[in-house]
Amino acid sequence: MKVHKAEATMEHHVTQISRDDLEDLRDAFNKIDIDNSGFVSDFELQELFREASFSLPGYKVRQIAETFLAGDTNKDEKISFEEFVSIYQELKGKEFSETFRKIITRRDGIRSFGGMSGNSSEGTQHSYSDEEKVAFVNWINKALAKDEDCKHLLPMNPDDESLFASVRDGILLCKMINLSQPDTIDERVINTKKLATFKMTENLVLALNSASAIGCTVVSIDAHGLMAGKPHLVLGLLWQIIKVGLFADIEISRNEALISLLTDREDLDHLMSLSPEDLLLRWVNYHLRNAGTKTISNFSEDIKDSRAYFYLLDQIALQEANNYKMNVKIDMSDLNERDLERRAELMLRQAARLDCRQFVTPHDVTSGNSKLNMAFVANLYNMHPGLQKAQMNGNGIETAHIEPESNEEKTFRNWMNSLGVSPYVNHLYCDLCDGLIIMQLYEKVNVPVNWKKVNNPPYPLLGGNMKKLENCNYAVELGRDVAHFSLVGIGGVNLNEGSRMHTLALVWQLMRKHTVMVLSDLGGGEKVGDQSILNWVNTTLSQKRKDSQISSFKDKRISTSLPVIDLIDAIAPGTIKWDMVKRPERGWLKDADKLNNAKYAISLARKIGARVYTQPDDLLEVNPKMVMTLFASIMAHDSEKKTKR
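So, here is what we can say about the structure in this document. Quantities reported herein were computed from a predicted structural model and do not represent experimental measurements. Sequence order sets the numbering: in each chain, residues are counted from 1 along the sequence as written. Two thresholds apply to this predicted model, a pLDDT of at least 70 for residue-level local features and 80 or more for giving and counting side-chain atom pairs, whereas whole-chain, interface and lining totals are computed over all residues. To get the side-chain values, all heavy atoms of the structure are used, and hydrogens and water are removed first.

### Some remarks on the overall build of the protein chain
Argument step 1. Labels follow the DSSP assignment, with helices taken as runs of H or I lasting at least four residues and strands as runs of E lasting at least two, numbered in each case from the N terminus. Counting its regular elements, the protein chain contains 28 helices and five strands.
Argument step 2. Accessibility here uses a 1.4 Å probe with only protein chains present; expressed as a share of the type maximum, an area under 20% marks a residue as buried, one over 50% as exposed, and anything in between as partly exposed. In the protein chain, buried positions account for 54% of the 645 residues.
Argument step 3. In the protein chain, once contacts between residues fewer than 6 apart in sequence are set aside, the share between residues at least 24 apart is 60%.
Argument step 4. Put simply, the protein chain shows about 30600 Å² of open surface, and 48% of that area lies on carbon and sulfur atoms. Residue contacts are counted whenever heavy atoms from the two residues lie within 4.5 Å of one another. Using a 1.4 Å probe, accessible areas were evaluated by the Shrake-Rupley method; residue-level cover was limited to the displayed protein chains.

What follows is the structure, encoded as structure tokens:
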């Protein structure tokens, strides 16, 4: 690997340490590594330095952690003993500002940044793609062009670094979240005027908690990193937000015309189990077959020559013309242009006629950038699906109304995805039917999993489902015998077959345990139950002389959201804009006013720092499960805030 000049120079400043010092460092490391995992977290680094008798101010430790972990490909924010020794050596050898200097290089559209360690051939660089930055800037410029609150930011220049500074006040991120999932954030709570650092931080906290609520993984992202404009954090979060929006409608309950993509001898359940990526690929191939040309199997190698795109655009235009939606005829004369880059440019000019020249440049097409090409195709589908809704397809399957995902199902799915489970959960039941996601969730709630007993994909064609069933049986065993869940009448076969009732029962107990576990950890291990959460709510309200006491998580007064709003005011005075709150007149509140209160309350909870997955309808309908998690999340935030004082 090519070694940067700055990296080679740095090697002269590394101090050798004695065996005795090394043993002292190991002792210090072991004191912090209480679970004997071999790693410590970045937030434990300052404590680790203190144990090693090498105290540093907090800001300097944060600089070290941010710089050293910039190249953390696993995104797990973990530091090994060897990495700690490397940091210690360099710090002892020379000042941090010199040894962890910022290196900026550029090669083939990839920018690298971060401190360089002479003890590692890989260094600690983290890279980002210029192509992705340009694509996201252009998408944001178009999507938010008319938003008055973003006028101070837009349009951004795609050729400079303005994107990374644009997220600093949090407004743009909040707007992008609402673009992807409308009404996720009540925009009345976004700070848009007199933006001091505190107000910007509030917006960023609101954005991060709201991103988590729509299924983005934000475990390694914080407001500090976003305010600093760290490219890998900004691009990583923006891609997740944009992807959620692009994929939102690639789902059969959103567009039943997707049933046209059924193949021979295939049932509807299998089609509904496909991920948005798989459906998108099948959608492209549906149009390519109609065009009488060869199909593709990916959005990288198979699209480099632009031929598939030409035929796709032509078929879409024909369908739109047949449906009297638009009358654009795609010019196919450039299909055989010899220069692939020029052919891609000519193809994109045709896409522009459909108002779909987004996400890719000619070079992105010819180089096979799969992420950006998938985004290009997803946007094309959203704008012009070009599918006919039929009452019956060739397989004789009637396109009866398909039930959309319920609020509860969506909440559980987003909660799982926000924790970073892999693969991403698109469909709650079929994506959990092999037990692997459930095993990962067990580990999130400190239920140990013996992975030697787990069957991993790819599963064999013959007997593959038996392997999945074995996993599900083990998942039920863990839930019953280790987690002590109530799983009466639930067997592995129920999970394997995607039984709605049984899967929801297990997932709810996992989510509840995760919520309570956070509270127990903050309370020093004290056991927390529903009654203790309820007692905390009422005690906190009464201490601040609020009259909105609740008798249980089923209390109908919760439908007004006033107990939630009063609770937020009790723990974060000055947060509420009371002119936004609707109160009952003659003891009665309209449903529209209740909904406004619910939206306001949930966004406020996220803004003050509570990781809330509850949706407004959960408050209106007083869903006791989601109401409990809401109050528990607010309680956890308040406890965490007090421990930091």
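Resuming the write-up.
### Concerning the pattern of salt bridges
Argument step 1. Here, a salt bridge means any side-chain nitrogen of Lys or Arg that lies within 4 Å of a carboxyl oxygen of Asp or Glu. On inspection of all chains with the given rule, the structure shows 29 salt bridges.
Argument step 2. The shortest N-O distance in the salt bridge between Arg342 and Glu337 comes to 3.9 Å.
Argument step 3. Of the charged contacts, one joins Glu408 and Lys625 as a salt bridge, the two residues approaching to 3.8 Å between their closest N and O atoms. Placement of Glu408 in helix H19 (residues 407-418) and of Lys625 in helix H28 (residues 624-644) is noted, with a sequence separation of 217 residues between them.
Argument step 4. A residue is classified by how much of its surface remains accessible, and Lys625, at 29% relative accessible area, is partly exposed.

### Observations concerning a negative patch on the surface
Argument step 1. A contiguous patch of negative charge on the surface is contributed by Asp20, Asp21, Glu23, Asp24 and Asp27.
Argument step 2. Tracing the chain through its elements places Asp27 in helix H2 (residues 19-32).
Argument step 3. Look at Asp27 and you get partly exposed, because its relative accessible area is 45%. Note that patches include only residues with greater than 30% relative accessible area and no salt bridge, and the join distances are 9 Å for like charges and 5 Å for nonpolar side chains (Val, Leu, Ile, Met, Phe, Trp, Tyr). In this tally, Lys and Arg are treated as positive and Asp and Glu as negative; His is ignored, and so are the chain termini. Working definition for charges: the position is that of NZ of Lys, CZ of Arg, CG of Asp or CD of Glu.

### Remarks on the nonpolar core
Argument step 1. Trp283 and Tyr442 are the most contacted members of the largest nonpolar core, which has 176 residues in total.
Argument step 2. When residues in this core are grouped by element, the largest group, eleven residues, is from helix H12 (residues 231-247).
Argument step 3. If we skip the residues at most four places from it in the chain, Tyr442 touches Val447, Val449, Ala475, Leu478, Gly479, Ala483, Phe485, Leu506 and Leu510.
Argument step 4. In this structure, Ala28, Phe49, Ala52 and Tyr88 belong to the second largest nonpolar core, which totals 17 residues. What is meant by a nonpolar core is a set of buried Ala, Val, Leu, Ile, Met, Phe, Trp, Tyr and Cys residues, joined one to another through side-chain atoms within 4.5 Å.

### Focus on the side chain of Asp566
Argument step 1. Tracing the chain through its elements places Asp566 in helix H25 (residues 562-571).
Argument step 2. If we ignore the near neighbours within four places in the chain, the residues touching Asp566 are Leu541, Lys546, Ser548, Trp578 and Arg583.

### As for the packing of helix H9 (residues 171-180) against helix H10 (residues 197-213)
Axis angle and axis distance: for two packed helices, these are the angle between their axes and the distance between the axes, and together they describe the pair.
Argument step 1. Axis definition: a line fit to C-alpha positions, over the contact stretch in the case of helices; interaxial angles, taken between N-to-C directions, run 0 to 180 degrees. Running from amino to carboxyl end, H9 crosses H10 at an angle of 25°, the nearest separation of the two axes being 8 Å. Taken together, the axes of H9 and H10 are roughly parallel relative to one another. For H9 against H10, the interelement crossing comes out left-handed. Here H9 contributes Ile171, Leu173, Cys174 and Ile177 to the contact with H10, which in turn contributes Asn203, Leu204, Leu206, Ala207, Ser210 and Ala211.
Argument step 2. Under the convention adopted here, Pro, Cys and the residues Ala, Val, Leu, Ile, Met, Phe, Trp and Tyr are nonpolar, Asp, Glu, Lys and Arg are charged, and Gly plus all remaining residues are polar. Looking at side-chain class alone, the contact of H9 with H10 contains eight nonpolar, two polar and no charged residues. The labels follow the angle: roughly parallel below 35 degrees, roughly antiparallel above 145, roughly perpendicular from 65 to 115, and oblique for the rest. In this scheme, a crossing is called left-handed if the near helix is turned counterclockwise away from the far one by less than a right angle; it is called right-handed if the turn is clockwise.

### Some details on unusual backbone geometry
Backbone phi values are negative for most residues with the exception of glycine, while trans is the configuration of most peptide bonds.
Argument step 1. Between Leu154 and Pro155 the backbone carries a cis peptide bond, its omega angle lying at 0°.
Argument step 2. Its location among the elements puts Pro155 in the loop between helix H7 (130-143) and helix H8 (162-166).

### With respect to the packing of helix H15 (residues 307-322) against helix H18 (residues 370-383)
Argument step 1. It is the contact of H15 with H18, at a shortest axis distance of 11 Å, that shows an interaxial angle of 10°. Between H15 and H18, the angle falls in the class roughly parallel. Facing Tyr309, Leu312, Leu313, Ile316 and Glu320 of H15, the residues of H18 in contact are Asn373, Phe376, Val377, Leu380 and Met383.

### Thoughts on the state of the cysteines
Argument step 1. In this description, the term disulfide denotes a pair of cysteine sulfurs within 2.5 Å. Enumeration according to the criterion identifies zero disulfides in this entry.
Argument step 2. Not engaged in a disulfide, the cysteine Cys174 finds its nearest cysteine sulfur in Cys150; these two sulfurs lie 9.5 Å apart.
Argument step 3. What makes Cys174 buried here is its relative accessible area of 0%.

### Let's talk about the side chain of Thr575
Argument step 1. With respect to the helices, strands and loops of the structure, Thr575 is situated in the loop between H25 and helix H26 (591-608).
Argument step 2. Pairs of N or O atoms are called polar contacts if they sit within 3.5 Å, as long as, within protein, a hydrogen donor faces a hydrogen acceptor (for residues adjacent in sequence, only side-chain-to-side-chain pairs). A polar atom in the side chain of Thr575 sits 2.6 Å from the backbone oxygen of Ala572.

### Thoughts on the packing of aromatic side chains
Argument step 1. We call Phe, Tyr and Trp rings a pair once their centres come within 6.5 Å, taking the six-membered ring for Trp, and we label the pair stacked below 30 degrees between planes, edge-to-face above 60, and tilted otherwise. Scanning the model with the defined rule gives six aromatic pairs in all.
Argument step 2. Relative to Phe485, the ring of Tyr442 lies with its centre 6.4 Å away and its plane at 25°, an arrangement referred to as stacked. In this pair, Tyr442 is assigned in helix H20 (residues 436-444) and Phe485 in the loop between helix H21 (464-481) and helix H22 (492-496), connecting sequence segments 43 residues apart. With respect to burial, Tyr442 and Phe485 carry one shared label: buried.

### Examining the environment of Arg338
Argument step 1. Here Arg338 shows up in the loop between H15 and helix H16 (340-353).
Argument step 2. Measuring from C-alpha to C-alpha, the distance between Arg338 and Asp305 comes to 9.6 Å, with 33 residues separating the pair along the chain.

### What to know about the environment of Ile177
Argument step 1. Looking at the secondary structure, you find Ile177 in helix H9.
Argument step 2. What Ile177 contacts, discounting residues up to four positions off in sequence, is Thr184, Ile185, Ala207, Ser210, Ala211, Ile214 and Ile241.

### Regarding helix H24 (residues 530-543)
Side chains that are three or four residues apart share a direction in an α-helix, a result of its 3.6 residues per turn.
Argument step 1. Expected helix span is taken as 1.5 Å per residue step, with the number of steps being one fewer than the number of residues. With 14 residues, H24 should cover 20 Å at 1.5 Å per step; its first-to-last C-alpha distance of 20 Å lies within 8% of that length.
Argument step 2. When we look at burial in H24, the residues that qualify are Ile533, Leu534, Trp536, Val537, Asn538, Thr540 and Leu541.
Argument step 3. The inward-facing, buried residues of H24 contact helix H23 (500-522), H25 and H28.
Argument step 4. Phi turns positive, to about 60°, at Arg545, one or two residues after H24.

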